[in-house]
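Single-letter residue listing:
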Amino acid sequence: MLKFIVKLHPEIVIKSKSVRKRFTKILEKNIKLLLGRVDEAITVKNNWDNITVVSKLSDENTRLALIDGLKRVPGIVLFLEVQEEQFETLDDIFQHTLPLVKTQIENKTFCVRVKRQGNHDFTSSDVERYVGGGLNQNVESASVKLSKPQETVKIEIKDQFAYIVRSQHRGLGGFPLPTQEDVLSLVSGGFDSGVATYQMIRKGARTHFLFFNLGGAAHEIGVKQVSHYLWKQYSSTHRVKFITVDFEPVVAEILENVENSQMGVVLKRMMMRAGSAVANKLGIQALVTGESIGQVSSQTLANLSVIDRVTETLILRPLIQHDKEEIIRIARDIGTCEMAEAMPEYCGVISKKPTVKAVLKKIEAEETKFDFDVLDTVVKNATIKDIRDIEEEAKEEVKEAENVSELPENAVVVDIRSPEEEDADPLELEGVEVVHLPFFRLATKFGDLPQDKDYYLYCSKGVMSQLQALILHENGFTKVKVYRP
C-alpha cells in the first residue's frame, strides 16, 4: 500500500473557514482526477488540515507516477510519503520505524522529530527520545545530533496510528485550479511567456493560450508544443482553449504605414486590442504577458503605460520585476527551457531606433495611418481549439521531420547545440562527418552548406532538432532529418 499526506499551501490555511473549505474541496477533486489516471481505485480524503492519498498498489512505477502527479498539482506546498502503522506502546512505534530508516541514517548524524494529535499518555518529546535512543543503540554507525543533523527522522502521530515519513517532496504551492478567474496568456514560445503562463496556473487561474502568429507554420508548431506541455504538466485537470491569430497582415500594415521608431509600441497595442477582443468573446477578464521592466525597448515604464491605455481589459505581468537569468532558471525547472531555446525570435517589426519614451498623442497619430479593417479581419478569422486537440495535431505535423537512430552512408550530422554544450560533451561519430552549427545560426548559415547531401540535426533531447528541421523544411531545405541515437 502507498500512502501520502498532502500539506496545504499556507495561504490556503489562513483563509476564512468557508473559503478554506471551498479551496480544499477543489484541491481534493483535482488530486483524485489526476491520480485516478494512475490508479482508478485511488482514495483521496480531505481531513481539513491535510489530504490523505492512499493506493492499494505498491509497485515502484505506481509510486513514482503518484509522486510525479502530486508535484504538479497547484495548491500543494509539500507532501509526505508515509508508512501507516497502528501502535499501542512507544516500543511499537520504534519497532516500526527501525527497518524503514536504518539504511537512511547509517554513517550519518540524525535526530527524530514528532508531531502528535489526539489523547496519549506521552508527549511528542517522549517519542523523540525513545525512538531516537533506540535507533542510536541499534544502528552503530549512526549518532544523534539535535542541531543541524544530516538526516531527520519524521513521525506524525494521530490517535492510535503512527505515520513514519519515508520521504518528503516539494509541491508547486499556490492555489488549486480554478479558484481564481480565467485568464488569457499571450504566448510566443519563448522563455518569458512560458514562465508567465506557469505562474498564473500555479496561482489557481485557469489559463487559456493566445498565439499571435508572426512566423508561419513552423512558429505555430513550436508554440503549440510549449503550450500543450504547460497544460499537460500543470493544468490538465481542466479544459482550456488555444487561440491562433494570424498577425502577419497586421505586421505588414505596420511596416508599410507606421513611422519606424514607433512600430514596436504600435504592434504591442494592436496585440492588446486583438487580445481584448478575443478575451471578451470568451468571457475572460484579464490578459497575461511575459513582459519585464526594461528587458527590451517596448518594456520601459513609459511604453508600457502607453500600451496599456489601448484597452480597459486588465493586463497582468507576473514577471514584471524578474531578471532574465531568474526567468531562464524557472523555465529550466518547469521543463520549457529547451523548447524556448529552440524557438527562433519572431519580432514582427525591427526598429532601427525604437522609442523608449512613447508619447500617447504621437502613437495615436501614427495609428490613424493604420487600416483597422485588417485587425478586425484577423481577429474575426482567429481559430479557437480545445488544447486537447493540439497533441494529435502536433504529432501529425512533426512527422514532416523524420527521426532516425542509425545513420546511412555519407550522412552529415549537424550538431546544433550551443558552443557551451558542445564543449562540455563533444559529439564524435566514427566514420561520420559532423558539422558544428549552433541553432541560432542555422537560418543564416545552413544555406552555405553543400545542398547535394542529406543532413541530420542533432541536439541533446531532440526537441530543438525537431523544431529547427521543420523551419528548414518551410524554407525549402527538404533533405533534413533528425538524428536521435
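Residues numbered from 1 in each chain as written. Predicted model: local features only at pLDDT ≥ 70, side-chain atom pairs only at ≥ 80, totals over all residues. Heavy atoms only, no water.

Under an unreviewed UniProt entry, the name given to the protein is tRNA sulfurtransferase, and the organism recorded is Pseudoalteromonas luteoviolacea DSM 6061. Entered under Subcellular location (unreviewed entry) in the UniProt record, the comment concerning the protein runs "Cytoplasm". (UniProt positions renumbered as here; feature names shortened; annotations may be inferred.)

Here the protein is described as being made up of domain 1 (2–170), domain 2 (180–388) and domain 3 (399–483). Between the C-alpha centres of domain 1 and domain 3 the distance comes to 48 Å. (Domains from an automatic or database assignment.)

Turning to the pairing of strand β4 (residues 76–86), a few remarks are in order. Sheet topology places strand β1 (residues 2–8) next to β4; six bridges connect them, and they run antiparallel. Directly across from Phe-4, in β4, lies its bridge partner Glu-81. Note that β4 and strand β8 (residues 161–170) share nine bridges and pair antiparallel. Among the inter-strand pairings, Glu-81 is bridged to a residue of β8, identified as Ser-167. (Pairing = 2+ DSSP bridges. Helix = DSSP H or I, 4+ residues; strand = E, 2+ residues; numbered from the N terminus.)

This brings us to the packing of helix α2 (residues 17–35) against helix α3 (residues 60–71). Contact geometry of α2 with α3 gives a least axis separation of 10 Å together with a crossing angle of 140°. Compared by their axis directions, α2 and α3 come out oblique. Crossing of α2 against α3: the hand is right-handed. Two secondary-structure elements touch here, α2 through Ile-31, Leu-34 and Leu-35 and α3 through Leu-66, Gly-69 and Leu-70. Of the residues belonging to the contact of α2 with α3, the class tally is five nonpolar, one polar and no charged. (Axes fitted to C-alpha atoms, helices over the stretch in contact; angles between N-to-C directions. Parallel < 35°, antiparallel > 145°, perpendicular 65-115°, else oblique. Left-handed = near helix turned anticlockwise from the far one by under 90°. Contact = heavy atoms within 4.5 Å. Nonpolar A, V, L, I, M, F, W, Y, C, P; charged D, E, K, R; others polar.)

With that settled, consider the UniProt feature "active site" (unreviewed entry) in the protein. On the UniProt side, "active site" (unreviewed entry) is annotated at positions that read Cys-459 here. Given the relative accessible area of 2%, Cys-459 is considered buried. (Buried < 20%, exposed > 50% of the residue type's maximum accessible area, 1.4 Å probe, protein only.)

For α3, spanning 12 residues, the distance from its first C-alpha to its last is 17 Å, which sits close to the expected 16 Å at 1.5 Å a residue. Buried residues of α3: Thr-62, Arg-63, Leu-66, Ile-67, Gly-69 and Leu-70, and no others. Projection of α3 onto a plane perpendicular to its axis shows the buried side chains occupying an angular sector of 165°, all on one side. Contacts made by the buried residues of α3 are with β1, α2, β3 (50–55), β4 and β8. (Expected span 1.5 Å × (residues − 1). Arc of directions from axis to C-beta.)

Evaluation of the coordinates by the stated rule reveals 10 aromatic pairs. Centroid distance Phe-4 to Phe-79: 6.2 Å. Interplanar angle 65°. Geometry classified as edge-to-face. In this pair, Phe-4 is assigned in strand β1 and Phe-79 in strand β4, connecting sequence segments 75 residues apart. Assessed through its relative accessible area of 0%, Phe-79 is described here as buried. Note on Phe-446 and Phe-477: the rings are 5.1 Å apart at their centroids and 75° apart in plane angle, and the pair reads as edge-to-face. (Phe/Tyr/Trp six-rings, centres within 6.5 Å; stacked < 30°, edge-to-face > 60°.)

To continue, consider the nonpolar core. In terms of nonpolar packing, the biggest core is built from 37 residues, with Phe-247, Val-250 and Ile-254 touching the most fellow members. The set of elements that each furnish at least two residues to this core consists of β9 (180–187), β10 (205–213), β11 (241–246), α8 (248–257), α9 (263–282), α10 (301–308) and α14 (372–380). With 10 residues, the top contributor of residues to this core is α9. Setting aside anything within four residues of it in sequence, one finds Val-250 in contact with Met-270, Phe-370, Val-374, Leu-375 and Val-378. Grouped together as the second largest cluster of nonpolar side chains are 36 residues, Val-187, Ile-201, Tyr-234 and Met-339 included. (Core = buried A, V, L, I, M, F, W, Y, C linked by side-chain atoms within 4.5 Å.)

Looking now at the pairing of strand β2 (residues 43–46). Consecutive residues of a regular strand have side chains that alternate between opposite faces of the sheet. Here four bridges tie β2 to β3, and the two strands are oriented antiparallel to one another. Bridging from a neighbouring strand, Val-44 pairs with Val-53 of β3. Following β2, the chain reverses through three residues before pairing antiparallel with β3; Trp-48 in that reversal takes a positive phi of roughly 75°.

Considering every residue of the protein, the mean pLDDT works out to 89; 95% of them sit at 70 or more. Ranking the elements of the protein by mean pLDDT puts helix α15 (residues 390–398) last, at 61, and strand β12 (residues 286–288) first, at 98. (pLDDT = per-residue confidence, 0-100.)

This part takes up unusual backbone geometry. Residue Pro-178 is reached from Leu-177 by a cis peptide bond, and omega for that bond is -10°. Residue placement: Pro-178 occurs in the loop between β8 and β9. For Asn-107, which is not a glycine, the phi torsion comes out positive at approximately 60°. Following the sequence through the fold, Asn-107 ends up in the loop between α4 (90–105) and β5 (109–117). What makes Asn-107 exposed here is its relative accessible area of 63%.

Spatially, the eight strands line up as an open sheet ordered β2-β3-β1-β4-β8-β7-β5-β6, and their pairing is mixed. Each of the sheet's edge strands pairs with one partner strand only, and the pair in question is β2 and β6 (143–144). The pairing of β5 with β6 spans two bridges and is parallel. Paired with Phe-110 across the strands is Val-144, a residue of β6. The sheet strands contacting helix α5 (residues 124–138) are β5, β6 and β7 (151–158), and the helix crosses β5 at an angle near 150°.

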